[in-house]
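Architecture and fold: a report
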Amino acid sequence: MGRAAAAGGGAGGARRWLPWLGLCFWAAGAAAARGTDNGEVLPESIPSAPGTLPHFIEEPDDAYIIKSNPIALRCKARPAMQIFFKCNGEWVHQNEHVSEESLDESSGLKVREVFINVTRQQVEDFHGPEDYWCQCVAWSHLGTSKSRKASVRIAYLRKNFEQDPQGREVPIEGMIVLHCRPPEGVPAAEVEWLKNEEPIDSEQDENIDTRADHNLIIRQARLSDSGNYTCMAANIVAKRRSLSATVVVYVDGSWEVWSEWSVCSPECEHLRIRECTAPPPRNGGKFCEGLSQESENCTDGLCILGIENASDIALYSGLGAAVVAVAVLVIGVTLYRRSQSDYGVDVIDSSALTGNSLLLNSSMQPDLTVSRTYSGPICLQDPLDKELMTEASLFNPLSDIKVKVQSSFMVSLGVSERAEYHGKNHSGTFPHGNNRSFSTMHPRNKTPYIQNLSSLPTRTELRTTGIFGHLGGRLVMPNTGVSLLIPHGAIPEENSWEIYMSINQGEPSLQSDGSEVLLSPEVTCGPPDMIVTTPFALTIPHCADVSSEHWNIHLKKRTQQGKWEEVMSVEDESTSCYCLLDPFACHVLLDSFGTYALTGEPITDCAVKQLKVAVFGCMSCNSLDYNLRVYCVDNTPWAFQEVVSDERHQGGQLLEEPKLLHFKGNTFSLQISVLDIPPFLWRIKPFTACQEVPFSRVWCSNWQPLHCAFSLERYTPTTTQLSCKICIRQLKGHEQILQVQTSILESERETITFFAQEDSTFPAQTGPKAFKIPYSIRQRICATFDTPNAKGKDWQMLAQKNSINRNLSYFATQSSPSAVILNLWEARHQHDGDLDSLACALEEIGRTHTKLSNIAESQLDEADFNYSRQNGL
């Protein structure tokens, strides 16, 4: 310091710089840096002297403070008598500098190095128009030099991504775009993509680009591109992981060319086949549509079969007699029905069709169709239908007639194409995708039969059926949320029933009274005369935002006269049935079949219906127009399936994942608007960008999907991309935004999945495979909890631990309350099968029981529950 002062004193009257250079006078020096007492601004250079200006060998770099750790800024210059830091225009105190001095041997010049520490508190306390900055100033005999300004910022990385990548299902060779916007951070985060937890190197794969705004682009999707993709963001502070996005690359099946016609068979038919192997469907791709085999008459209808011996004569004589018998039978039934029509009789006993016991195989169990009475027309199939004739039936005409009678009963019940409801594809067909009839099969040689069925009201009823016996099972209506659980033992041994379930797709027969609204589909299960020994569980979806403060929800049943009667309110106490209301479905325990529905009476204006909103798009007949259709339907899987089916027929494409809108019963209308249409690319007609729907139309829309249509026009045919926003809002209520970002060219458009969760491929599941709880474990649970226990370990505690806290008197009337509680658990958990939660409940009951008793018996009971957990629970 003395050396610096001496140097300054010998520099020709530079003593007044000593306060600036000699930091022992720091307070005065700080003032001198800005000016003298009389306002004179001090020069920033020392008067001329022999030597050179300082040259910076090292200048301070931009730095980031991580957490609470200070950072060091460093300067080095030569020749330099002194180096000091100035931060944000203020000189840094002498005591905060650490300096080192050395001699450059090559030049003999003095080299000085100085550094300071900057703390987080200093940066946080600075409030200026720019970032916190520091700069070095070095002095030599000739004058001063300044270094660059180094900024100091506090580093951070927020936790949440601004946009997570979304899963996609794309066809092979389609384009995949996964968007990723990393969390906000300083310094800005760098993005890396992982596939199945392995880093993606875009330089090694020209088909992948990860440089465009952190997005991942796969130009042409390959099967190997299927997997789970994760966006990784990292800076000097931390690393963050986005939610994983599942990408599925699928291949739709295609038909090979038809084979050559086969030789003409003895039945005067030849056939040809083709297979769905060019290519076969992969990763959930669509199966080929159409028939896999065709047959036709190979003699232009002129078919004469040779009769070789007497046995052939007897055979064909028998067949002819059978045909004549069937014809006489049909004529007789027709005349009988006409004779009774004047008296309003439309019921035919099945015994009238059988004629006598010779038509039935006496060794078989009584058929359900023979023991019951049906109403409606009887449709007999073509007796020459070879699809339903086995090899044995060809030599047993009478048994063949029995098959035909049974089939006619199925048609009279409205059960068309029975194979489809058992989830079994016909050997000669491929499924046609999800539609109202659930991949309806079209067997060959069935043209007259199919034409007959086409006249049925296919839109008014969605139907499924299955045959169930003593072991019970589950009947599911795929993609509707409707299911039926038949418990083990509900049907007596040695008996079996054909149970059906349907949804009314036409106008609801339940007409709302006053403020009451329909909250669910009308579900029918039957046959109505079937008797069960233990309650079955019917699951019906609903669209109410469940709250006892705002809704009074009722279960209703349709009588045989077509009127609707209230069964119970879901909050009432009843011993005839039980209702358990979950957020999206109601599980009902019943002992009689029929038609059921849920209605709701809003108690306050805050009662809310849950609506599902979705936007579909398709090209118009005019090549420049593009149509948008916005739907607002009840939030039930069945209602949205109707929309999907309608749009499939119109060629519509889902443009954004559907969202949930809470619609209040406050009598205010719904507004649907198209916003942010790109100017100079698209236009919409004036006064059509916003449409309003009356409250009553939305509140009571149960069977006709509510939608608004918008027509957008391109300025030029070269415009292929469309981006806009759809705003759906209720006045004085909630709103939702649907973001449309799509290509109007189908080849470039990304596919959005219609349903997040598919129900079972096989609607009818019978026996143990239909239940989540193994039968042996179920029996142990019932034996344990059905027996009353003074210490409280009985079925009531089992109900409480499974969130069943009301109307316990219903279970008390059952022969096995625990079995009925477990049936209700099976109905609630048909999709997740959460056995762990049930096991935890049982273990908790066991621990509670152990606390109540210190005897050895309690330890044995605890071991019983542990055994249950180890054996499947």
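Rules behind the numbers
Residues numbered from 1 in each chain as written. Predicted model: local features only at pLDDT ≥ 70, side-chain atom pairs only at ≥ 80, totals over all residues. Heavy atoms only, no water. Helix = DSSP H or I, 4+ residues; strand = E, 2+ residues; numbered from the N terminus. Buried < 20%, exposed > 50% of the residue type's maximum accessible area, 1.4 Å probe, protein only. Contact = heavy atoms within 4.5 Å. Areas by Shrake-Rupley, 256 points an atom, 1.4 Å probe, with all protein chains shown as cover. Disulfide = S-S within 2.5 Å. Pairing = 2+ DSSP bridges. Arc of directions from axis to C-beta. Phe/Tyr/Trp six-rings, centres within 6.5 Å; stacked < 30°, edge-to-face > 60°. Lys NZ or Arg CZ within 6 Å of the ring centre and 35° of its normal. Core = buried A, V, L, I, M, F, W, Y, C linked by side-chain atoms within 4.5 Å. Axes fitted to C-alpha atoms, helices over the stretch in contact; angles between N-to-C directions. Patch = residues over 30% accessible without salt bridge, like charges linked within 9 Å, V, L, I, M, F, W, Y side chains within 5 Å. Salt bridge = Lys/Arg side-chain N within 4 Å of Asp/Glu carboxyl O. Parallel < 35°, antiparallel > 145°, perpendicular 65-115°, else oblique. Left-handed = near helix turned anticlockwise from the far one by under 90°. Expected span 1.5 Å × (residues − 1). Lys, Arg positive; Asp, Glu negative; His and termini not counted. Polar contact = N/O pair within 3.5 Å; in protein donor to acceptor, adjacent residues only side chain to side chain.

A tally of helices and strands in the protein yields 17 helices and 47 strands. Counting all 873 residues of the protein, 45% fall into the buried class. A separation threshold of at least 6 residues defines the contact pool for the protein, and within that pool the share at least 24 residues apart is 69%. As presented, the protein carries roughly 44,600 Å² of accessible surface, and 52% of it is formed by carbon and sulfur atoms.

Next up on the list: the environment of Lys725. For Lys725, the position within the fold is in strand β45 (residues 721-730). With relative accessibility at 30%, the residue Lys725 sits in the partly exposed group. C-alpha separation for the pair Lys725 and Asp676, spaced 49 residues apart in sequence, amounts to 6.1 Å. What Lys725 contacts, discounting residues up to four positions off in sequence, is Ser673, Val674, Leu675, Asp676, Ile737, Leu738 and Gln739.

With the rule as written, the count across this model stands at five disulfides. Residue Cys75 pairs covalently with Cys136 via a disulfide, S to S 1.7 Å. Looking down the S-S bond of the Cys75 and Cys136 bridge, the torsion is 100°, so its handedness is right-handed. Separated by 61 residues along the polypeptide, Cys75 in strand β3 (residues 71-78) and Cys136 in strand β8 (residues 132-139) bring together distant segments of the chain. A relative accessible area of 0% places Cys136 in the buried class.

What follows concerns the sheet that holds strand β17 (residues 216-218). Here three strands make up an open sheet; going across it, the order is β12-β17-β16 and the pairing antiparallel. A strand with exactly one partner marks an edge of an open sheet, and here the two such strands are β12 (176-178) and β16 (208-209). Pairing of β16 with β17 involves two bridges; the strand directions are antiparallel. Residue Ile208 lies in a different strand from β17, and its bridge partner there is Ile218.

Assignment of secondary structure puts Ala189 in the loop between β13 (185-186) and β14 (190-195). According to the relative accessible area criterion, Ala189 is buried, its value standing at 9%. Along the backbone, Ala189 and Ile236 are 47 residues apart, and their C-alpha atoms lie at a distance of 8.5 Å. Not counting chain neighbours up to four residues away, the residues in contact with Ala189 comprise Leu157, Pro182, His214, Ala233, Ala234 and Asn235.

For the α-helix, the turn length of 3.6 residues means that residues three or four positions removed from each other point alike. Looking only at helix α12 (residues 775-785), the buried set comprises Ile777, Arg778, Ile781, Cys782 and Phe785. An end-on view of α12 places all buried positions within 135° of arc, on one side of the element.

Attention shifts here to the environment of Leu580. Looking at the secondary structure, you find Leu580 in strand β34 (residues 578-581). By relative accessible area, which is 9% here, Leu580 ends up buried. Distance from Leu580 to Ser803, taken between C-alpha atoms, is 9.9 Å for residues 223 residues apart in sequence. Residues contacting Leu580, with those up to four places away along its chain left out, are Ala585, Cys586, His587, Leu824 and Arg828.

Take the packing of aromatic side chains next. Per the counting criterion, the structure on display carries 14 aromatic pairs. Aromatic side chains Trp91 and Trp139 sit 5.9 Å apart centroid to centroid with 35° between the ring planes, which places their arrangement in the tilted category. One end of the pair, Trp91, is in strand β5 (residues 90-91); the other, Trp139, is in strand β8, and 48 residues separate them in sequence. The burial state of Trp91 is the same as that of Trp139; both residues are buried. Every member of this aromatic cluster is reached through a ring pair, and the members are Trp551, Phe663, Phe695 and Trp699. A cation over a ring is seen here: Arg74 above Phe115, with NZ or CZ 4.8 Å from the ring centre. Of note, Lys149 hangs over the ring of Trp133, and the distance from its end group to the ring centre comes to 4.1 Å.

All right, on to the nonpolar core then. By size, the foremost hydrophobic cluster in this structure holds 80 residues, and its most contacted members are Leu484, Ile499, Leu628, Ile726 and Ile728. Top contributing element to this core by residue count: strand β38 (residues 625-634), with six residues. In this structure Ile726 touches Val615, Leu628, Val630, Ile672, Ser673, Val674, Gln736, Ile737, Leu738 and Val740, once residues within four positions along its chain are discounted.

This next bit is on the sheet that holds strand β46 (residues 735-743). If you walk across this open sheet you meet the four strands as β43-β41-β45-β46, and the pairing is antiparallel. The sheet terminates laterally at β43 (690-693) and β46, the two strands that pair on one side only. Ignoring strand direction, the axes of neighbouring strands in this sheet form an average angle of 15°. Note: strand β41 (residues 670-675) against β45, six bridges, orientation antiparallel. Directly across from Ser673, in β45, lies its bridge partner Cys727.

Before going further, it helps to examine a nonpolar patch on the surface. On the surface, a cluster of nonpolar side chains totalling about 230 Å² of accessible area is made up of Trp261, Leu271 and Ile273. Within the secondary structure, Ile273 sits in strand β21 (residues 269-273). By relative accessible area, which is 38% here, Ile273 ends up partly exposed.

Once that is clear, we can look at the packing of α12 against helix α15 (residues 817-828). Close contact between α12 and α15 brings their axes to 8 Å; oriented N to C, the two are set at 135°. Between α12 and α15, the angle falls in the class oblique. Seen from above, α12 lies across α15 with right-handed handedness. Only Ser818, Ala819, Leu822 and Asn823 of α15 make contact with α12, whose side of the interface consists of Arg778, Ile781, Cys782 and Phe785.

This part takes up the pairing of strand β18 (residues 227-234). Burial runs high along β18: six of the eight residues are buried. Both β14 and β18 contribute to a ladder of six bridges, which runs antiparallel. Counterpart to Lys195 in the pairing with β18 is Tyr229. Inspection of the sheet shows β18 paired to strand β20 (residues 245-250) by three bridges, in the antiparallel sense. From the neighbouring strand, Gly227 faces β20, where its bridge partner is Val247. One ladder, built from three bridges, connects β18 with strand β19 (residues 239-241); its direction is antiparallel.

Glancing now at unusual backbone geometry. Excluding glycine, a negative phi dihedral is what most residues carry, and trans is how most peptide bonds are arranged. Of the consecutive residues Arg78 and Pro79, the connecting peptide bond is found in the cis state with omega at -20°. Residue position: Pro79 is located in the loop between β3 and β4 (82-87). The linkage connecting Gly526 with the following residue, Pro527, adopts the cis geometry, with an omega of 15°. Residue placement: Pro527 occurs in the loop between β30 (523-526) and β31 (536-541).

Right, let's get into α15. Along its 12 residues, α15 runs 17 Å from first to last C-alpha, staying within 8% of the 16 Å computed at 1.5 Å per residue. Counted residue by residue, α15 has 11 buried out of 12 residues, so it is predominantly covered. Taken residue by residue, α15 has Pro817, Ser818, Ala819, Val820, Ile821, Leu822, Asn823, Leu824, Trp825, Glu826 and Ala827 as its buried positions.

With that out of the way, let us pick up the side chain of Arg274. With respect to the helices and strands, the residue Arg274 is situated in the loop between β21 and β22 (293-297). No salt bridge is formed by the buried Arg274; its nearest oppositely charged neighbour, Glu294, is found at 5.6 Å. There is a polar contact of 3.1 Å between the side chain of Arg274 and the backbone oxygen of Leu291. Excluding residues within four positions of it along the chain, Arg274 makes contact with Trp255, Glu256, Val257, Trp258, Leu291 and Ser292.

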